[in-house]
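# Notes for the structure review
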Amino acid sequence: MKGIRINEKLGLTVEEAATASGIGRNTIRMLIDRGKLPVLKVGRKTIIRRDTLEKFMTINEGKNLLEVDTVNEVR
């Protein structure tokens, strides 16, 4: 049985989301802490849905993600 590749997974860890999106891990964590990027929590593990990450990137295209007050949250 072959392993699941990152691009086939529905849920990504912070590290996987950073790799898939090109956004830094610390920036992703900051966006999660500020409520801009919703996640699922499984114990201590944080899971970001792939479709949520894609929507987040689409609605914030052209924005500086470090200027958190201007970033649109995913609903």
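Here's a quick rundown of the structure. (Residues numbered from 1 in each chain as written. Predicted model: local features only at pLDDT ≥ 70, side-chain atom pairs only at ≥ 80, totals over all residues. Heavy atoms only, no water.)

If you tally the helices and strands in the chain, you get three helices and three strands. Tracing the chain from N to C terminus, the helices and strands come up as β-α-α-β-β-α. By the compact-globule yardstick of 11 Å for 75 residues, the chain fits well, its C-alpha radius of gyration being 12 Å. With the principal axes as the frame, the chain shows a C-alpha extent of 45 × 25 × 20 Å. In the chain, which comprises 75 residues, the proportion classed as buried is 35%. The contacts in the chain between residues at least 6 apart in sequence include a share of 46% that link residues at least 24 apart. (Helix = DSSP H or I, 4+ residues; strand = E, 2+ residues; numbered from the N terminus. Rg over C-alpha atoms; globule rule 2.2 N^0.38 Å. Buried < 20%, exposed > 50% of the residue type's maximum accessible area, 1.4 Å probe, protein only. Contact = heavy atoms within 4.5 Å.)

Here we take up the pattern of salt bridges. One pass over the full model with this rule turns up three salt bridges. Measuring nitrogen to oxygen at the nearest pair gives 2.8 Å for the salt bridge that ties Glu 16 to Lys 9. Note that Arg 29 and Glu 15 form a salt bridge whose closest N and O atoms lie 2.8 Å from each other. One end of the pair, Arg 29, is in helix H2 (residues 25–33); the other, Glu 15, is in helix H1 (residues 14–21), and 14 residues separate them in sequence. Judged by its relative accessible area of 33%, Arg 29 falls in the partly exposed class. (Salt bridge = Lys/Arg side-chain N within 4 Å of Asp/Glu carboxyl O.)

Moving on, we come to the sheet that holds strand S3 (residues 45–49). With respect to topology, three strands assemble into an open sheet ordered S1-S3-S2, the strand pairing being antiparallel. Each edge of the sheet is formed by a strand with only one pairing partner; in this case those strands are strand S1 (11–12) and strand S2 (40–42). Pairing analysis gives three bridges linking S2 to S3, with the strands arranged antiparallel. Looking at the pairing, Leu 40 lines up with Ile 47 of S3. Packed onto the sheet, helix H3 (residues 50–59) meets S1 and S3 and runs at close to 65° relative to S3. (Pairing = 2+ DSSP bridges. Axes fitted to C-alpha atoms, helices over the stretch in contact; angles between N-to-C directions.)

Okay, the side chain of Thr 52 next. Tracing the sequence through the fold places Thr 52 in helix H3. By relative accessible area, which is 13% here, Thr 52 ends up buried. Ignoring anything within four residues of it in the chain, the contact list for Thr 52 reads Leu 37, Pro 38 and Val 74.

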